[in-house]
Amino acid sequence: MPTPDSRRIVIFDTTLRDGEQSPGASMNLNEKMEAAQALVKLGVDVLEAGFPIASPGDFEAVREIARNVRGTVICGLARCRNEDIDAAWEAVKDAERARIHVFLATSAIHREFKLKMDKEEIIRRAVEGVRRAVGYCPDVEFSPEDAVRTELDFLCRVVEASIDAGATTVNIPDTVGYATPVQMGNVIRVLRQRVPNIDKAVISVHCHNDLGLAVANSLAAVEAGAGQVECTINGIGERAGNCSLEEIVMALRTRHDYFHCQTNIVTQRIVPASRLISSITGIQVQRNKAIVGQNAFAHEAGIHQDGMLKEPRTYEIMRPEDVGLTQSDLVLGKHSGRAALADRAKALGYNLNRQQLDILFQQFKVLADKKKEVYDGDLAALVEQQLQTTPERFALAAYEVTSGTGRAPEVYLRLRRGDEEVETRMSCGDGPVDAVFLAIEQLTGITVHCTDFRVHSVTVGKDAQGEVMVVVEYKGQLYRGRGMSTDSVEASAKAFLNAINRIAAMAPAPSGDQNA
Ligand SMILES: [Zn+2]
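Residues numbered from 1 in each chain as written. Predicted model: local features only at pLDDT ≥ 70, side-chain atom pairs only at ≥ 80, totals over all residues. Heavy atoms only, no water.

Some words on empty space enclosed by the protein
Thinking step 1. Tallying each qualifying case throughout the model produces one cavity of 30 Å³ or more.
Thinking step 2. Considered as a void within the structure, the largest cavity measures approximately 50 Å³ in volume.
Thinking step 3. What lines the largest cavity is A38, K41, L42, R269, P272, A273 and G349.
Thinking step 4. Broken down by secondary-structure element, the contributors of at least two residues to the lining of the largest cavity are α1 (29-42) and α11 (270-281).
Thinking step 5. The element contributing the most residues to the lining of the largest cavity is α1, with three residues. (1 Å grid on protein atoms, 1.4 Å probe; cavity = no way out; pocket = protein on both sides within 12 Å on 5 of 7 lines; lining within 4 Å. Points joined across faces, edges and corners; volume = space filled by probe spheres on them. Helix = DSSP H or I, 4+ residues; strand = E, 2+ residues; numbered from the N terminus.)

Here it is as structure tokens:
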């Protein structure tokens, strides 16, 4: 399909930075490393790993990704402040290829109310910020935050000044998801016409989806000459999210005849990457989501099925295998060996080291003894559980609960905290799950507000493992937890403890503005 005259569009993934800002989606270091490996296999050109100044945890994650992940540009975000830019460089400097991404708001409303700076001051700060970053590394991206609501003349001036200062990519964010496609295309066209040094930088776009237009706006920008698109897996991100990577990539590929653009994305890795991010963040993909939703390739209507059987192209503009949708859910059993397991985990998109694989194999054997058939979903759940079990301050040692109609449940709970054990016995709550949650709160001293609680079976059959997802609110922040067991009360207790452990482990929430 791609022809020699195809324009190459740089795919800048910000799943680990903007995506992670989705409420409740914060990831721990192991989860970020796993996601980063999957993004590299997917073929993203630039991986924005985080906002290093935001918190020590963010800094460490960006630094670890920069040190260990090869094959892509690793980018760190910074405001136009010395300490931000210095921290971003410290975090990304060990990368094979590093990029510093500095941003400063330029729209009138941000200038007046947030920054309290006039236009000249904005330009001066932007230039200083870009220069400082260029002093560290040659690959520097500048974003005039809220560019779409910035006066076009002023936007042209800021962009020109930032390129003069050394920015090699200028990113045009629709920070609040306000643009429409024709308008977005026009902004890019105006920049190309009026900014004299525009050829010295790649024009990028970063669109939010508040009006459901993020992908359409990004495509319009590409059509008008943008050479980089910022996007996230499953379109996750602040509020309604960002431009979805899978949608923009498949739109460019499927409509190559129209756009004459190509990307480096290995499209067969799209579905595994989507599943991985969904299971790491706990943000499920809606059934009818384009490209990666459960129904995206399901043809139910009889008249469509008839056409499909005669010739798939009558109704299918993309083939499911092109996005990595495998037809079969391969089944493993207790006699399956280590190699088969390793193979399957790899096919599902996991990049496990030997130690992780050893643990997985042991757990797989235990599970295969309990239930005859082990499905992809079971394996994914085991791996996810392993990835997220970092600092486990409290662990479930034992529990007992009795409940019945018309009386409060009686609960006994014992938790391990390091070398010691703590226990309680109480009569409380209005059901066994509620009672266990209250007992956990009492023993851990962390009281939360539960905002979501979901139970579902990981695979099929009466012996299926139950997975519980909880989302709890603590001091205004959302934390999620996941637990698995063939016993649903135990799975609930584990999920709740997992959320509590996240609260205990997380550094204070990132503060300040990071909405670029
Ligand atoms: Zn954003």
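Regarding the environment of S336
Thinking step 1. In this fold, S336 is placed in the loop between α12 (302-310) and α13 (338-347).
Thinking step 2. As a C-alpha pair, S336 and Q228 span 108 residues in sequence and 45 Å in three-dimensional space.
Thinking step 3. Not counting residues within four places of it along the chain, the set of residues in contact with S336 comprises F361, F364 and K365.
Thinking step 4. From its side chain, S336 meets the backbone nitrogen of G333 in a polar contact 2.9 Å long. (Contact = heavy atoms within 4.5 Å. Polar contact = N/O pair within 3.5 Å; in protein donor to acceptor, adjacent residues only side chain to side chain.)

What to know about the confidence of the model for the chain
Thinking step 1. Averaged over every residue, the pLDDT of the chain is 90; residues scoring 70 or more account for 94%.
Thinking step 2. Per-residue pLDDT stays below 50 along residues 507-515; that stretch engages in 21 contacts with residues further than four places along the chain or on separate chains. (pLDDT = per-residue confidence, 0-100.)

Side note on the state of the cysteines
Thinking step 1. Within this structure, the stated rule accounts for zero disulfides.
Thinking step 2. Residue C75 stays outside any disulfide, its sulfur separated by 8.7 Å from that of C137, the closest cysteine.
Thinking step 3. Judged by its relative accessible area of 0%, C75 is buried.
Thinking step 4. C428 carries a free sulfur, and the closest cysteine sulfur to it, the one in C450, is 15 Å from it.
Thinking step 5. C428 gets classed as buried once you look at its relative accessible area, which sits at 11%. (Disulfide = S-S within 2.5 Å. Buried < 20%, exposed > 50% of the residue type's maximum accessible area, 1.4 Å probe, protein only.)

Quick word on the sheet that holds strand β5 (residues 97-105)
Within a sheet, each strand pairs with its neighbour through backbone hydrogen bonds, oriented either parallel or antiparallel.
Thinking step 1. The strand order around the closed barrel built from eight strands is β2-β3-β4-β5-β6-β7-β8-β9, with neighbouring strands paired in parallel fashion. Put simply, the sheet's adjacent strands are angled 25 degrees from each other on average, direction ignored.
Thinking step 2. For strand β3 (residues 46-50) and strand β4 (residues 73-79), the ladder comprises four bridges, and the chain directions are parallel. In the strand pairing of β4, V46 is matched with V73.
Thinking step 3. The strands that helix α2 (residues 56-68) touches are β3 and β4; relative to β3, the one it contacts most, it runs at about 150 degrees. (Pairing = 2+ DSSP bridges. Axes fitted to C-alpha atoms, helices over the stretch in contact; angles between N-to-C directions.)

Some thoughts on the sheet that holds strand β16 (residues 477-485)
Thinking step 1. Pairing is antiparallel in the open sheet, where three strands are placed in the order β14-β15-β16. Bordering the open sheet on either side are β14 (449-457) and β16, each of which pairs with just one other strand. Between one strand and the next, the sheet's axes are offset by a mean angle of 15 degrees, whatever the strand orientation.
Thinking step 2. Contacting β14, β15 (466-474) and β16, helix α17 (residues 488-505) runs over the sheet at an angle of about 145 degrees to β16.

Concerning the layout of surface pockets
Thinking step 1. There is about 1,500 Å³ of room inside the largest pocket.
Thinking step 2. Taken together, 45 residues form the lining of the largest pocket, with R275, S278, Q294, G377 and V458 sitting closest to its centre.
Thinking step 3. At the level of elements, α11, α13, α15 (376-388), β14 and β15 are the ones that each hand at least two residues to the lining of the largest pocket.
Thinking step 4. Residues that form the lining of the largest pocket fall into these classes: 19 nonpolar, 17 polar and nine charged. (Nonpolar A, V, L, I, M, F, W, Y, C, P; charged D, E, K, R; others polar.)

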